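Residue-level structure breakdown
Each chain, letter by letter, is given below.
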Amino acid sequence: MKQIAIFASGNGSNAKELIHHFNHKNNKVAKISLIITNNSKAGVLEIAKTFNIKTVVLDREEFYNTDSTINILSENHIDLILLGGFLWLIPQNIIKQYRDRIINIHPALLPKFGGKGMHGMNVHRAVIAAQEKETGITIHFVNEEYDKGEIILQAKCHVEENDTAEDIEHKVQKLEHDYFSKTIENLLLADLKIIL
Ligand code: GAR
């Protein structure tokens, strides 16, 4: 059974879906055993509490200048890191230690609408401003640059003329909840690029 850590900064709806999927007694593939956040007020902490999952709130200075996060990950035997709306760039030491074992979900069709500052509603507003006819999600490996790692899966939805950023958020969120857990499970089962 593989051990997964989720890094999240916000509401944690993706974390909740992942927990429902993996921490089910019939699932023998993996388990969400740690939730890490940079935000002590993040909704994801409440979700973790409900499901009795260990949490860590990061200190920015320690995160970027020490190996403390790597130590926490290894003490908890973490095999795979999933980013579900995590807003800090992952530092080099963690990328190196977990190369091809960190996966992000992004709320747009990369390489469009990616990069620093492109998260959540900012992305959906930019999609409307650019008059895109479609948008979607990208599940991808994480490397040293924001949103630049190899793409694993994309799924699309239509943008209608009258759609607001909130309408797009709902459509994209539905895609995220439909695809994130299944994609991770398939990767783990196929043992594709993830060397565990
Ligand atoms: C998700 O839509 C995720 O794709 C996005 O943050 C949201 C988190 O929602 N991530 C990014 O924008 C990363 N650049 P959640 O807290 O409800 O899971």
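For the structure itself, look to the data block above.
We now turn to the structure provided with this report.

Criteria and thresholds
- Once a new chain begins, its residue numbering starts again from 1 and follows that chain's sequence as written.
- Only residues with pLDDT of at least 70 are given local features in this predicted model, and only at 80 or more are side-chain atom pairs given and counted; all residues enter the totals for whole chains, interfaces and linings.
- Derived side-chain values reflect all non-hydrogen atoms in the structure, with water molecules and hydrogen atoms excluded from consideration.
- Three exposure classes are used, based on accessible area relative to the maximum for each residue type with a 1.4 Å probe and protein chains only: buried under 20%, partly exposed in between, and exposed over 50%.
- Secondary structure elements follow DSSP: runs of H or I no shorter than four residues count as helices, runs of E no shorter than two count as strands, and numbering proceeds from the N terminus.
- As used here, the arc belongs to the directions running from the helix axis to the C-beta atoms.
- We call two residues contacting when some pair of their heavy atoms lies within 4.5 Å.
- Centres within 6.5 Å are what make two rings of Phe, Tyr or Trp a pair, Trp counting through its six-membered ring; a difference in plane orientation under 30 degrees is then read as stacked, over 60 as edge-to-face, and the rest as tilted.
- In our convention, an over-ring charge means Lys NZ or Arg CZ found within 6 Å of a ring centre and within 35 degrees of that ring's normal.
- One heavy atom suffices: a residue is near a molecule or strand as soon as one of its heavy atoms comes within 4 Å of it.
- Polar contact criterion, stated in full: a pair of N or O atoms within 3.5 Å, where within protein one must be able to donate a hydrogen and the other to accept it, and residues adjacent in sequence count only if both atoms are side-chain atoms.
- Here the Shrake-Rupley method, with its probe set to 1.4 Å, supplies the accessible areas, and only the displayed protein chains count as covering residues.
- Only protein atoms enter the 1 Å grid used here. Points where a 1.4 Å probe fits but cannot escape make up a cavity, open sets with protein on both sides within 12 Å along at least five of seven lines make up a pocket, and a residue lines them when an atom lies within 4 Å of a point.
- Pocket or cavity membership: a molecule qualifies when more than half of its atoms sit within 2 Å of the grid points of that site.
- In this classification, the charged set is Asp, Glu, Lys and Arg, the nonpolar set is Ala, Val, Leu, Ile, Met, Phe, Trp, Tyr, Cys and Pro, and all remaining amino acids, among them Gly, are polar.
- Axis lines are fitted to C-alpha atoms, over the contacting stretch for helices. Their N-to-C directions set the angle, which ranges from 0 to 180 degrees.
- Definitions for this section: a left-handed crossing has its near helix turned counterclockwise from the far helix by less than a right angle. A right-handed crossing has that turn clockwise.
- The salt bridge definition used is simple: a Lys or Arg side-chain nitrogen within 4 Å of an Asp or Glu carboxyl oxygen.

1. A look at helix α2 (residues 43-50)
Inspection of α2 places V44, L45, I47 and A48 among the buried residues, and these make up the whole buried set. The arc enclosing the buried residues of α2, seen along the axis, measures out at 160°, which places them on a common side. Facing away from the buried side of α2 by over 90 degrees, the exposed positions are E46, K49 and T50. Buried residues in α2 make contact with α1 (13-22), β2 (30-37) and β3 (54-57).

2. Concerning the packing of aromatic side chains
Applying the stated criterion across every chain yields a total of 6 aromatic pairs. Ring geometry for F63 against Y64: centres 5.0 Å apart, planes inclined by 75°, an arrangement best described as edge-to-face. The class for F63 is buried, based on a relative accessible area of 1%. Members of the aromatic cluster, joined through ring pairs, are F7, F63, Y64, F86 and W88. Above the plane of the ring of W88 lies R60, whose end atom (NZ or CZ) is 4.9 Å from the centre.

3. Details of the side chain of H140
Considering the arrangement of structural elements, one finds H140 in strand β6 (residues 134-141). Of the residues examined, H140 reaches a relative accessible area of 1% and is grouped as buried. Setting aside its immediate chain neighbours within four residues, H140 contacts I102, I103, N104, H106, L110, D147, K148, G149, E150, I151 and I152.

4. Re the site of the ligand
The ligand sits among 14 residues. The nearest are G12, S13, N14, G120 and E176. Between the ligand and N11, the relevant distance is 3.4 Å, taken from an oxygen atom to a main-chain nitrogen or oxygen of the residue. Contacts to the ligand include G12, whose backbone N or O atom sits 2.7 Å from an oxygen atom. Contact with the protein chains hides 89% of the accessible area of the ligand, taken as 450 Å² for the molecule alone. Assessed atom by atom at 2 Å from the grid points, the ligand resides in the largest pocket. At the level of elements, α1, β5 (102-106) and α7 (165-190) are the ones that each hand at least two residues to the shell around the ligand. For the shell around the ligand, the residue count by class is 3 nonpolar, 10 polar and 1 charged.

5. With respect to the packing of helix α6 (residues 120-129) against α7
Where α6 contacts α7, the axes come no closer than 9 Å and their chain directions differ by 115°. The interaxial crossing formed by α6 with α7 has right-handed handedness. Between α6 and α7, the contacting residues are M121, H124, R125, V127 and I128 on the first element and A165, E166, I168, E169 and V172 on the second. Residue composition of the contact of α6 with α7, grouped by class: 6 nonpolar, 1 polar and 3 charged.

6. Quick notes on the pattern of salt bridges
Under the defined criterion, the tally for this structure stands at 6 salt bridges. Between K112 and E132 there is a salt bridge, with its nearest N and O atoms 3.0 Å apart. Taken as a pair, K112 in the loop between β5 and α6 and E132 in the loop between α6 and β6 lie far apart in primary sequence, 20 residues in all. Take K112: its relative accessible area is 45%, and that puts it in the partly exposed class. Residue E132 is classed as buried on the basis of its relative accessible area of 19%. Across the salt bridge formed by K174 and D178, the nearest N and O atoms sit 2.8 Å from each other. Of this pair, K174 and D178 both sit in helix α7, 4 residues apart, roughly one helical turn. Looking at K174, the relative accessible area reads 53%, which means it is exposed.

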